[in-house]
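What follows is each chain in one-letter form.
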Amino acid sequence: MDRTATDRTADHDAEPTLYQTSLRPHRSLDQRGFLIVMIIVGAISVVCGTAFLLMGAWPVFGMFGLDVLLIYVAFRVSFRSARAREDIRVTPSLISVRKVDPAGRADEARMNPLWTRLDKELHEDFGLQRLTLHSRREAVVVGGFLHTAQREELAEGLSAALADAKRGVVRSAP
């Protein structure tokens, strides 16, 4: 009997989830804070630019406006990059890592947890710098945008889930 892809997906969904997380880059400034910062920067720019304009240094007025524009563009780029995310799910038979870039393009890696190892790149002074899931010829870096402490927490969760998957999950009878 030939099983369809839907049947295999249903089997995967029926498995217990050993570990699951959704990672997003942290941004400390929200849209409201951004608006407040831009109003303050714009107001300071207009006041200072007007003072230079009244002194006869009219090119300086335009430079103040250029500064405000550059600050605005930098914040917009930062907010756009915050739309990236990583979804990681570990079951007894599959590790699924789905990365979505800021433009919304998704890339998914699927690995067998029995053949997967978690490599940790440690720096003596700065702690855990990189986490990589290796399975056969495939390597996937996870949590690249996280802070060191968050990366260590992710490493602990993934290590425990991989150990559970390799040990085997006891299922109760239906």
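Residues numbered from 1 in each chain as written. Predicted model: local features only at pLDDT ≥ 70, side-chain atom pairs only at ≥ 80, totals over all residues. Heavy atoms only, no water.

K.L.:
Account for the sheet that holds strand S2 (residues 85-90), naming residues and giving values.
P.N.:
The sheet built from four strands is open, its strands ordered S1-S2-S3-S4 with antiparallel pairing. Each edge of the open sheet carries a strand with a single partner, namely strand S1 (19-23) and strand S4 (106-111). Strand after strand, the sheet turns through a mean of 5 degrees between neighbouring axes, direction not considered. Taken together, the five bridges between S1 and S2 define a ladder with antiparallel strand orientation. From the neighbouring strand, Ser22 faces S2, where its bridge partner is Asp87. (Pairing = 2+ DSSP bridges. Helix = DSSP H or I, 4+ residues; strand = E, 2+ residues; numbered from the N terminus. Axes fitted to C-alpha atoms, helices over the stretch in contact; angles between N-to-C directions.)

K.L.:
Could you give me a rundown of the environment of Ala139, with the residues and numbers involved?
P.N.:
Note on placement: Ala139 falls in strand S7 (residues 138-142). Among the residues examined, Ala139 registers a relative accessible area of 48% and is labelled partly exposed. Ala139 sits 30 residues away from Ala109 along the chain, and the two C-alpha atoms are 9.1 Å apart. (Buried < 20%, exposed > 50% of the residue type's maximum accessible area, 1.4 Å probe, protein only.)

K.L.:
Can you tell me about the pattern of salt bridges, naming the residues and giving the values?
P.N.:
Evaluated as defined, the whole model comprises six salt bridges. One salt bridge connects Arg105 with Asp101, and the closest N-O pair in it is separated by 3.0 Å. Between Glu108 and Arg110 there is a salt bridge, and its shortest N-O distance comes to 3.4 Å. Given a relative accessible area of 40%, Glu108 falls into the partly exposed group. (Salt bridge = Lys/Arg side-chain N within 4 Å of Asp/Glu carboxyl O.)

K.L.:
Before we move on, could you go through the packing of aromatic side chains and cite the residues and values that matter?
P.N.:
For any pair of aromatic rings, the description rests on two quantities: the centre-to-centre distance and the angle between the ring planes. Here the structure, examined in full by the defined rule, presents five aromatic pairs. A centroid spacing of 5.4 Å and a plane angle of 65 degrees characterise the contact between Phe34 and Phe75, whose relative ring orientation is edge-to-face. Within this pair, whereas Phe34 is found in helix H2 (residues 31-54), its partner Phe75 is found in helix H3 (residues 58-81), the two being separated by 41 residues in sequence. Phe34 gets classed as buried once you look at its relative accessible area, which sits at 6%. (Phe/Tyr/Trp six-rings, centres within 6.5 Å; stacked < 30°, edge-to-face > 60°.)

K.L.:
How would you summarise unusual backbone geometry if you had to cite specific residues and measurements?
P.N.:
Here Arg136, not a glycine, exhibits a phi torsion of approximately 55 degrees, which is positive. You can see Arg136 is positioned in the loop between strand S6 (127-135) and S7.

K.L.:
Run through the nonpolar core, naming residues and quoting values.
P.N.:
In terms of nonpolar packing, the biggest core is built from 20 residues, with Val97, Leu133, Val142, Leu154 and Leu158 touching the most fellow members. Among the secondary structure elements, those contributing two or more residues to this core are S1, S2, strand S3 (95-100), S4, S6, S7 and helix H4 (148-167). Broken down by element, this core gets its largest block of residues, five residues, from H4. Other than its neighbours up to four places away in sequence, Leu154 contacts Tyr19, Thr21, Leu23, Ile88, Leu131, Val142, Gly143 and Leu146. (Core = buried A, V, L, I, M, F, W, Y, C linked by side-chain atoms within 4.5 Å. Contact = heavy atoms within 4.5 Å.)

K.L.:
Please set out the sheet that holds strand S5 (residues 116-123) residue by residue, giving values where relevant.
P.N.:
Spatially, three strands are ordered S5-S6-S7 in an open sheet, and the strand pairing comes out antiparallel. Each edge of the open sheet carries a strand with a single partner, namely S5 and S7. The mean angle between the axes of side-by-side strands here comes to 25 degrees, regardless of whether they run parallel or antiparallel. Summarising the sheet, S6 and S7 pair through five bridges and their orientation is antiparallel. Across the sheet, Leu131 pairs through a bridge with Val142, a residue of S7. On top of the sheet, H4 reaches S5, S6 and S7; it is set at about 30 degrees to S6, its chief contact.

These figures come from the coordinates and say nothing about function on their own.
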